[in-house]
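# Breakdown of the fold
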Amino acid sequence: MAATATAQAPDTRPAFPPPPAEARPVDRGAWIAAFRHVRDETERRAAPLSPEDQQIQSMPDASPTKWHRAHTTWFFEQFLLTAMVPGYTVFDERFFYLFNSYYVQAGPRAPRISRGLVTRPTCDEVAAYRAHVDRAVGELIAGASERQLPEIVGILEIGLHHEQQHQELMLTDILHAFAQNPLLPAYDAGWRWPALAQTPGRVALPGGVTQMGHAGSGFHFDNEEPRHDVLLRPASLDRALVTNGEWLEFMQDGGYAKPELWLSDGYVAAQNEGWEAPGYWRRADGVWSSMTLAGLRPVDPALPVTHVSYYEADAFARWAGRDLPTEAEWEAASGSLDAAFGHVWQWTRSAYSAYPGYRPLPGALGEYNGKFMVSQFVLRGASVATPQGHSRPTYRNFFYPHQRWQFTGLRLSRYGE
C-alpha cells in the first residue's frame, strides 16, 4: 500500500539560480521568476503527501513537511518583509514563535522536538500563509527603488537557497517517517535512482600548496569563504563512489562486529542502535531490501551505498585499507570525480570548522552557519534529493557523525600512490 503519487514530469520551469545578486542592473523579472520557481518546487515536493503525512515528526532530527513549508515562509517574513516593508501586515503574529528554528536573536521559538505536536495551523492555513507572503515579496521586488534593490536581493537570495535546503530535508524526513510505518508507503511509486556511470581508476593529486573556498561571483554561503591556501599531500581519490555491492562485502566479512575497525564512539553507537547494515536496509529470507522514496526495493549492488553515518564510512575505509578524503582533497579533485553531484553526499574526514579569517554575517543571519562549527563532519557534493541549482564544488554540508537519515555515502582515497 502506498501514498498516492505519480512520477514527476521533467522540470521545464525557468532555471535557478538567477543572475548573481551583485549584478547590475538588478533584473527584477529574473528574481521574481526565481522566487516563484523555488516556492513552487516546495509545493511540488509536498503535493504527494496527505495532511496526515505532512504532520508527522518521526524523530527529533526530522521535521514535519508542514513545518518546512511554514518555516521557509517565516524566513522571508522575518528577515525580508518585516524589515523592508513599512506597514507590512503580518499574517499571524503567533507564527513567529511556531516557525522560528534556531535564530535566538529573532526571538523565542517552539522546541524542535515538539514540531510534530503543532497540529494547528492546518495544511490549508499554511498554504494561505505562503500565498500571503508570496504576494508581498513579489510586490516588494516589483516596487522597490533602485537603491533598495541590492539589499532586498541579497536577503532574498539567501532565503531561496535556505528554502532549497529545506526541500531536500522534506524528502529525507518523510523517507524516515515512511520507513517507520509498517505499511512501508511510497512517496512516489515512480521514483528511480538517476543513471549512474562510474569508471575505475583514481584521480591523482600531486600535492603542494593550492587554494580552497569560494571565489568569484555567484551565490555561496558564508562558511565557504574566505578562499585560502592549503597544503595537500600527494594522494589519489577513487573516481567512483563506494557501492552497495562493496558494502555487502564489508558486512559479510563481519565489519559491523569488529571493534578494531571502529572509532570508540562509533562502535558504541553501532552496538546501541543495533546497526548491522546501512540505514533503511532490512533482510528477509536472506535477501536485503532498502526503503526508498519508491517504497521497499531490493538492494542493487551497482548503486552507491547511502544512509551511512560518518562512523560507518570511517570503519569501511579502515576495512578497505584506505582513507576518507579531506574536504580540501575532495574539492581539488571534484572536477574529475564520477557522480560528484546528484547521487549521495560524500563524507570527508574533515571536522566542520571555520576557514582562516572567517566571519559570520551580522545580526541573526549570522547564526545560519557559524554557531554550528563544532562536533560535526563535512560532506561534499550533492544528493538525489538536492534541488537543481543548489550544488557547487565549494559547498560545505555538515552533520554529526552518528547521523544517517540523509542520502550520505562515500568515496575513498589513499596517500603516496
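As the structure is a computational prediction, the values presented were derived from the model and not from experiment.

## With respect to helix α6 (residues 149–180)
Since the α-helix turns once every 3.6 residues, residues separated by three or four places project in the same direction. Compared with an ideal rise of 1.5 Å per residue, which puts 32 residues at 46 Å, α6 spans 46 Å between its outermost C-alpha atoms and is within 8% of the ideal. In terms of burial, α6 is largely enclosed, as 26 of its 32 residues are buried.

## So, helix α7 (residues 244–252)
Every buried residue of α7 is listed here: Asn244, Gly245, Trp247, Leu248, Phe250 and Met251. Those residues of α7 that are buried lie in contact with β5 (281–284), β6 (287–292) and α9 (310–319). Gly254 lies just past α7 and shows a positive phi near 80°.

## Structural notes on the sheet that holds strand β10 (residues 397–399)
Read from one edge of the open sheet, 4 strands run β10-β9-β8-β11, paired in mixed fashion. The strands lining the two open edges of the sheet, one partner per strand, are β10 and β11 (408–409). Pairing geometry for strand β8 (residues 345–351) and β11, over 2 bridges, is parallel. Residue pairing for β11: Gln346 is matched across the bridge by Gly409.

## Considering the nonpolar core
Formed by 101 residues in total, the largest nonpolar core has its most connected members in Leu80, Val137, Leu156, Leu160, Trp247, Trp262 and Leu410. The element that contributes the greatest number of residues to this core is α6, accounting for 13 residues. Viewed by domain, this core spans two of them, domain 1 (28–180) and domain 2 (202–415), each represented by three or more residues. Residues within four places of Trp262 in sequence aside, it is in contact with Phe250, Gly255, Tyr256, Tyr267, Ala270, Trp275, Tyr311, Glu312 and Ala315. Counting residues in hydrophobic clusters, the runner-up holds 7 residues, among them Val203, Leu205, Ala333 and Leu337.

## Let's talk about the pattern of salt bridges
In total, this model carries 18 salt bridges according to the counting rule given. Linking Arg39 and Asp134 is a salt bridge whose minimum nitrogen-to-oxygen distance equals 2.7 Å. One end of the pair, Arg39, is in helix α1 (residues 28–46); the other, Asp134, is in helix α5 (residues 123–143), and 95 residues separate them in sequence. Judged by its relative accessible area of 25%, Asp134 is partly exposed. Close ionic contact of Arg396 with Glu327 constitutes a salt bridge, the shortest N to O distance being 2.8 Å. Taken together, the positions of Arg396 in the loop between β9 (377–381) and β10 and Glu327 in helix α10 (residues 327–333) put the pair 69 residues apart, joining distant regions of the chain. Each member of the pair, Arg396 together with Glu327, is buried. Each member of the salt-bridge network shares a partner with another, and the members are Arg39, Glu43, Arg69, Arg130, Asp134 and Glu163.

## Some points on the pairing of strand β3 (residues 228–232)
Residues of β3 alternate between two faces, with His228, Val230 and Leu232 buried on one and Asp229 and Leu231 left unburied on the opposite face. Two elements, strand β2 (residues 208–212) and β3, share 5 bridges in a ladder whose sense is antiparallel. When the bridges of β3 are listed, Thr210 appears paired with Val230.

## What to know about the packing of α7 against α9
Closest axis-to-axis distance for the α7/α9 pair is 11 Å, and the angle between their directions is 80°. Judged by the angle between their axes, α7 and α9 are roughly perpendicular. From α7, Glu246, Trp247, Glu249 and Phe250 reach across to α9, where they touch Glu312, Ala313, Ala315, Phe316 and Trp319. The residue inventory of the contact of α7 with α9, partitioned by class, reads 6 nonpolar, no polar and 3 charged.

## Topic: the environment of Thr306
Along the chain, Thr306 falls in the loop between β7 (295–298) and α9. A sequence separation of 41 residues divides Thr306 from Asp265, and the C-alpha atoms of the two residues are 21 Å apart. With near-sequence residues (within four places) excluded, Thr306 lies in contact with Trp193, Asn244, Pro278, Val344, Gln406, Phe407 and Thr408. A distance of 3.2 Å separates a polar side-chain atom of Thr306 from the backbone nitrogen of Thr408.

## A look at the layout of surface pockets
Volume-wise, the largest pocket comes out at about 790 Å³. Within the residue set of the lining of the largest pocket, elements represented by two or more residues are α3 (65–84), α6 and β10. Looking at the lining of the largest pocket, its residues break down into 13 nonpolar, 14 polar and 6 charged. When residues of the lining of the largest pocket are assigned to domains, at least three map to each of domain 1 (28–180) and domain 2 (202–415).

## Some words on unusual backbone geometry
Looking along the chain, the bond that leaves Arg24 and enters Pro25 is cis, with omega of -5°. Relative to the elements of secondary structure, Pro25 occurs in the segment before α1. Of the consecutive residues Glu225 and Pro226, the connecting peptide bond is found in the cis state with omega at 0°. Following the sequence through the fold, Pro226 ends up in the loop between β2 and β3. With a phi angle near 50°, Leu184 is a residue other than glycine that sits in the positive phi range. Along the chain, the position of Leu184 falls in the loop between α6 and β1 (202–205). Backbone geometry at His307 places phi at a positive 60°, although glycine is not the residue there. Along the chain, His307 falls in the loop between β7 and α9.

## Some details on the UniProt feature "domain: DinB-like" (unreviewed entry) in the protein chain
Residues annotated by UniProt as "domain: DinB-like" (unreviewed entry) correspond here to residues 34–169. Note that residues 34–169 is 62% helix and 0% strand, and that its end C-alpha atoms are spaced 20 Å apart.

Procedures and definitions
- Every chain begins its residue count from 1, and numbering advances along the sequence as written.
- Totals for whole chains, interfaces and linings use every residue, but because this is a predicted model, local features are given only for residues with pLDDT of at least 70 and side-chain atom pairs only at 80 or more, for both listing and counting.
- Hydrogens and water are ignored here; the side-chain numbers use all heavy atoms of the structure.
- Helical segments are the DSSP runs of H or I of at least four residues, strand segments are the runs of E of at least two, and each set is numbered from the N terminus.
- Helix span, expected: 1.5 Å multiplied by one less than the number of residues in the helix.
- The buried label goes to any residue with under 20% of its type's maximum accessible area, the exposed label to any with over 50%, and the partly exposed label to all in between, with areas taken from a 1.4 Å probe on protein chains only.
- The contact definition used throughout considers only heavy atoms, calling two residues in contact when any of these lie within 4.5 Å.
- A pair of strands counts as paired when DSSP detects no fewer than two bridges linking them.
- Here, the term nonpolar core denotes a set of buried Ala, Val, Leu, Ile, Met, Phe, Trp, Tyr and Cys residues that are joined through side-chain atoms within 4.5 Å.
- All the domain ranges listed were derived from an automatic or database domain assignment.
- By salt bridge we mean one thing: a side-chain nitrogen of Lys or Arg within 4 Å of a carboxyl oxygen of Asp or Glu.
- Only the contacting stretch of a helix is used when fitting its axis, a line to C-alpha atoms as for every element, and angles between N-to-C directions run 0 to 180 degrees.
- Each angle gets one of four labels, with under 35 degrees taken as roughly parallel, over 145 as roughly antiparallel, 65 to 115 as roughly perpendicular, and the rest as oblique.
- Each residue gets one of three labels, nonpolar for Ala, Val, Leu, Ile, Met, Phe, Trp, Tyr, Cys and Pro, charged for Asp, Glu, Lys and Arg, and polar for the others, Gly among them.
- Any N or O atom pair separated by 3.5 Å or less is treated as a polar contact, with the protein-specific requirement of one donor-capable and one acceptor-capable atom, and with residues adjacent in sequence counted only for side-chain atom pairs.
- Cavities and pockets were defined on a 1 Å grid built from protein atoms only: a cavity is a group of points that admits a 1.4 Å probe but offers it no way out, a pocket is an open group of points flanked by protein on both sides within 12 Å along at least five of seven lines, and a lining residue is one with an atom within 4 Å of any such point.
- Grid points are joined across faces, edges and corners, and a volume is the space filled by probe spheres set on the points.
- UniProt positions are given in the numbering used here, feature names are shortened, and annotations may be inferred rather than shown by experiment.

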